Amino acid sequence: MIIVHHLNNSRSQRLLWLLEELGLEYEIRRYQRDPQTMLAPASLREVHPLGKSPVITDGETTLAESGAIMEYLIERYGAGRLIPPAGTPERLRYTYWMHFAEGSAMPPLVMKLIFDRMETGPMPFFVRPVARGIAGRVKKGFIEPNINRQLDFMEAELSKCAWFAGSEFTAADIQMSFPLEAAAARGGLDASRPKLMDFLGRIHAREPYRAALERGGEFKLLS
Ligand SMILES: N[C@@H](CCC(=O)N[C@@H](CS)C(=O)NCC(=O)O)C(=O)O
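Residues numbered from 1 in each chain as written. Predicted model: local features only at pLDDT ≥ 70, side-chain atom pairs only at ≥ 80, totals over all residues. Heavy atoms only, no water.

### Focus on the environment of Trp163
Stage number 1. Considering the arrangement of structural elements, one finds Trp163 in the loop between helix H4 (128-160) and helix H5 (171-186).
Stage number 2. Judged by its relative accessible area of 10%, Trp163 is buried.
Stage number 3. Counting along the chain gives 43 residues from Trp163 to Arg206, while the straight-line C-alpha distance between them is 14 Å. (Helix = DSSP H or I, 4+ residues; strand = E, 2+ residues; numbered from the N terminus. Buried < 20%, exposed > 50% of the residue type's maximum accessible area, 1.4 Å probe, protein only.)

### A look at the site of the ligand
Stage number 1. Ala40, Lys52, Ser53, Glu65 and Ser66 are the nearest of the 13 residues found near the ligand.
Stage number 2. Separating a nitrogen atom of the ligand from a backbone N or O atom of Ser53 is a distance of 2.8 Å.
Stage number 3. Within the side chain of Glu65, a nitrogen or oxygen atom sits 2.6 Å from a nitrogen atom of the ligand.
Stage number 4. Bound to the protein, the ligand loses 83% of the 520 Å² it would expose on its own.
Stage number 5. Here the shell around the ligand is built from residues that sort into 4 nonpolar, 3 polar and 6 charged. (Near = heavy atom within 4 Å. Polar contact = N/O pair within 3.5 Å; in protein donor to acceptor, adjacent residues only side chain to side chain. Areas by Shrake-Rupley, 256 points an atom, 1.4 Å probe, with all protein chains shown as cover. Nonpolar A, V, L, I, M, F, W, Y, C, P; charged D, E, K, R; others polar.)

### Quick notes on the packing of aromatic side chains
Stage number 1. For the structure on display, the rule yields 13 aromatic pairs.
Stage number 2. Seen in terms of ring centroids, Tyr96 and Trp97 are 5.0 Å apart; in terms of plane orientation they differ by 85°. Their pairing is edge-to-face.
Stage number 3. Looking at Trp97, the relative accessible area reads 1%, which means it is buried.
Stage number 4. Each member of the aromatic cluster is reached from another via a ring pair, and the members are Trp17, Tyr96, Trp97, Phe100, Phe153, Trp163, Phe164, Phe169, Phe199 and Tyr209. (Phe/Tyr/Trp six-rings, centres within 6.5 Å; stacked < 30°, edge-to-face > 60°.)

Purely geometric stuff here, so don't read any function into it on its own.
Written out as structure tokens, the structure is:
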């Protein structure tokens, strides 16, 4: 039995969705973020040394890192579903977006979350202006331009085809959902990028997406 070690409000929601799309049976073990720090509980480190979510166990196999888990599940249980055939241009696009999601899209969004908190978090009053100044400059000079350039790029790519790998929905769309949900929650993604907003609308309407939300429980991205 596949066990998903599921942290609330986290990337593991994506895996529940993949498992629902594939119609596989799975069990959820739940972990709650610390309400103050938002970090995962130490008990997740008993499953994998890094203690990050998602992690799955499948028999003797324990695997972390969402992209690796996606590839494992598709290869082992997908029977050719949700992945374009090898050697096609669609397969190359699939691989690209599968890696882009965590390798390029998420880092500036995570940085934005951290620097937003630096501006508003508790600190001695005399430090606040300095902290705000540094955070504001890093956001304006580096983080926000990168997020905007990436969003423009993704918008242009989704103008060429319905889904990230081509005309068919694939696991790359599931992997790309998290940065886009995060961008909509805190990265400035709005109706000015209609293709990306339409993508979010289309994934939210999918039955397996809804089924995964129902099983996973609360899913509210940190902002
Ligand atoms: N690139 C990793 C990122 C894993 C990650 O940072 N997960 C977050 C949840 S979305 C987490 O576990 N945060 C809690 C913590 O760092 O303690 C992946 O895609 O699996």
